[in-house]
Amino acid sequence: EHLVRRHPDLVVLAYGTNEGTDADEPIQAFEQQLRQVLGRLRRSAPHANCLLIGPTDHPQRVGKSNAYRLRRRTALIVDTQRKVAAQGGCGYLDLVPIMGGPLATVRLVGLGLAAKDYTHLTRRGYEALGDAITAALLRGYANWHASACARVQRGGGAGGAGKPVSATPAQR
């Protein structure tokens, strides 16, 4: 009801990191829940653009050692979110490459940008991630704007004016 009253132009959903630890939950259940969330969003704010932001890099500790490995479920969540976002008409932003790729958190801890739980960022880390997200959104908008202007110059109309700007290609 809060969303309906606000009439938003853009709704941003960001999650998936915590769900990366739900190894016992089938990815199909996660997908179904995500589709339900996007469905409620669309019913509550049918004219709003939407952006789904994926999980952060979240490595898994190997035993009690200081070694870390990729959390396989994170990749499944990213793939599922990317697919559902595209099918639901939402943009998608993958945080793993923005953070520096898989296992980047190991390096970020050493730089003081991530906490030693290898899950959360520090204040400086979140500020840097916020700057990176902003830059990605602005690049996505600039790309959309350039292509819309090119279509207008060719006489094809703006086509897509008012549509969500995706921070990743091929998402809309």
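Here the structure is a predicted model, which means the values were calculated and not measured.

Within the protein, the secondary structure is distributed over six helices and five strands. Each helix (α) and strand (β) of the protein, taken in turn from the N terminus, gives the series α-β-α-β-β-β-α-β-α-α-α. Taking all 172 residues of the protein together, 38% fall into the buried category. A fraction of 68% describes how many contacts in the protein between residues 6 or more apart in sequence connect residues 24 or more apart.

Our next topic: helix α6 (residues 123-153). Because the α-helix completes a turn every 3.6 residues, residues three or four places apart line up on one side. Between its terminal C-alpha atoms α6 stretches 45 Å, which fits the 45 Å expected from 31 residues at 1.5 Å a residue. Within the sequence span of α6, burial applies to Gly 125, Leu 129, Ile 133, Ala 136, Gly 140 and Ala 148. Those residues of α6 hidden inside the fold are in contact with β2 (49-53), β5 (91-93) and α4 (95-99). Among the residues trailing α6, Gly 155 stands out with phi positive, at a value near 85 degrees.

The alternating pattern of strand β1 (residues 10-14) places Val 11 and Leu 13 on a buried face, while none of Leu 10, Val 12 and Ala 14, on the opposite face, is buried. Summarising the sheet, β1 and β2 pair through five bridges and their orientation is parallel. Paired with Leu 13 across the bridge in β2 is Leu 52. One crossover worth recording links β1 to the parallel β2 by way of helix α2 (residues 27-44), and it is right-handed.

Before going further, it helps to examine the side chain of Thr 80. Its place among the elements puts Thr 80 in helix α3 (residues 72-87). Once residues lying within four places of it in the same chain are set aside, the contact partners of Thr 80 are Ile 27, Phe 30, Glu 31 and Leu 34.

With that settled, consider the nonpolar core. A general tendency of soluble globular proteins is for nonpolar side chains to be buried together. Within the largest apolar cluster, 17 residues are counted, with the highest numbers of intra-cluster contacts made by Leu 13, Leu 34, Leu 38, Leu 41 and Leu 52. Put simply, the parts of the chain that give this core at least two residues each are β1, α2, β2 and α3. Here the element with the most residues in this core is α2; it accounts for five residues. Leave out the neighbours within four places in its chain, and Leu 52 touches Leu 13, Tyr 15, Leu 34, Gln 81, Ala 85, Gly 91, Tyr 92 and Leu 93.

The grouping of Leu 70, Leu 103 and Val 106 at the surface amounts to a nonpolar patch, some 220 Å² of accessible area in total. Since its relative accessible area comes to 30%, Leu 103 is described here as partly exposed.

Glancing now at α2. Taking 1.5 Å of rise per residue, 18 residues should cover 26 Å, and α2 covers 26 Å from first to last C-alpha, within 8% of that figure. Among all positions in α2, only Ile 27, Phe 30, Glu 31, Leu 34, Leu 38, Gly 39 and Leu 41 are buried. Taken together, the buried residues of α2 touch α1 (2-6), β1, β2 and α3.

Reading the values: the criteria
Residues numbered from 1 in each chain as written. Predicted model: local features only at pLDDT ≥ 70, side-chain atom pairs only at ≥ 80, totals over all residues. Heavy atoms only, no water. Helix = DSSP H or I, 4+ residues; strand = E, 2+ residues; numbered from the N terminus. Buried < 20%, exposed > 50% of the residue type's maximum accessible area, 1.4 Å probe, protein only. Contact = heavy atoms within 4.5 Å. Expected span 1.5 Å × (residues − 1). Pairing = 2+ DSSP bridges. Right-handed = clockwise from strand over helix to strand, strands pointing away. Core = buried A, V, L, I, M, F, W, Y, C linked by side-chain atoms within 4.5 Å. Patch = residues over 30% accessible without salt bridge, like charges linked within 9 Å, V, L, I, M, F, W, Y side chains within 5 Å. Areas by Shrake-Rupley, 256 points an atom, 1.4 Å probe, with all protein chains shown as cover. Salt bridge = Lys/Arg side-chain N within 4 Å of Asp/Glu carboxyl O.

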